[in-house]
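Residue-level structural notes
The residues making up each chain are set out below.
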Amino acid sequence: MTDTTPRIYVRPGSLADAPVILDMLDSAVAWMNARGNTEQWGTTPYSQKTGGVARVQRYTTENAPYIAELDGTPVGAMVLDSGPSPQVPIAPAGEPERYVRLLVSDRQRAGLGIGAALLAHAVEETRRAGVGLLRVDCWAGGGGELVAFYECNGFTATDRFLSGAWPGQVLARRVD
């Protein structure tokens, strides 16, 4: 029997990856909207949001971006930082941490484990840095599917927050 499991490779990202990350974000907004979810990221494509392009460029130059590839094609992106965004009302961890600032995958390849592979890479990068805490925040609205996704990937829900009317959830994972 042959192994048909897709091989996802995670590599460091760079500014050159900003256009493909923006495309994934735009596709994610369209996908969410098609499913009736207009609250999570709104209805405007990310690349057309005020500051959206500049934010992705900063992510790829000031933070630690990673790109998931399947057969050489980018299919997901993640950005790690040393803490949460200062624009979000999230309390500091009180200890060194790594923070997932962005996680997005190609919705046409949903179900292949792209997000899980990127989160596993985040755990390894956190461990390699000698840091014991990995955190992420996400939209806590809808039916809680996004929170459940992170919980299935080893995270535990900690603090809830509101950013305006946007309900958020912080999740944490201890790294040995």
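This write-up is about the structure you can find in this document.

1. Examining the packing of aromatic side chains
- Within this structure, the stated rule accounts for four aromatic pairs.
- Here W41 and Y46 contribute two aromatic rings whose centre-to-centre distance is 6.5 Å and whose plane-to-plane angle is 55°, an arrangement assigned as tilted.
- Centre to centre, the rings of F149 and Y150 are 5.1 Å apart; their planes meet at 70°, and the pair counts as edge-to-face.
- Judged by its relative accessible area of 29%, F149 is partly exposed.
- Among the aromatic residues, those joined into a ring-pair cluster are F149, Y150 and F155.

2. Comments concerning the pattern of salt bridges
- Inspection of the entire model under this criterion finds eight salt bridges.
- In this structure, the salt-bridge partner of E69 is R11, at a minimum N-O distance of 2.7 Å. Taken together, the residues span a long stretch of sequence, with E69 in strand β2 (residues 64-70) and R11 in strand β1 (residues 8-12) at a distance of 58 residues.
- Relative accessible area serves as the criterion here: at 14%, E69 is assigned to the buried category.
- Of the residues examined, R11 reaches a relative accessible area of 18% and is grouped as buried.
- Here R101 and D81 are joined by a salt bridge, their closest N and O atoms 2.7 Å apart. Within this pair, whereas R101 is found in strand β4 (residues 98-105), its partner D81 is found in strand β3 (residues 73-81), the two being separated by 20 residues in sequence.
- The network of salt bridges with shared partners includes R11, D17 and E69.

3. A word on the nonpolar core
- M78, V100, L118, L134 and Y150 are the most contacted members of the largest nonpolar core, which totals 23 residues.
- Mapped by element, the contributors of at least two residues to this core are β2, β3, β4, α3 (114-128), β5 (133-139) and α4 (145-152).
- Broken down by element, this core gets its largest block of residues, five residues, from α3.
- Judged by nonpolar contacts, the second largest core, of 15 residues, contains V56, A77, V79 and V104.

About the cut-offs
Residues numbered from 1 in each chain as written. Predicted model: local features only at pLDDT ≥ 70, side-chain atom pairs only at ≥ 80, totals over all residues. Heavy atoms only, no water. Phe/Tyr/Trp six-rings, centres within 6.5 Å; stacked < 30°, edge-to-face > 60°. Buried < 20%, exposed > 50% of the residue type's maximum accessible area, 1.4 Å probe, protein only. Salt bridge = Lys/Arg side-chain N within 4 Å of Asp/Glu carboxyl O. Helix = DSSP H or I, 4+ residues; strand = E, 2+ residues; numbered from the N terminus. Core = buried A, V, L, I, M, F, W, Y, C linked by side-chain atoms within 4.5 Å.

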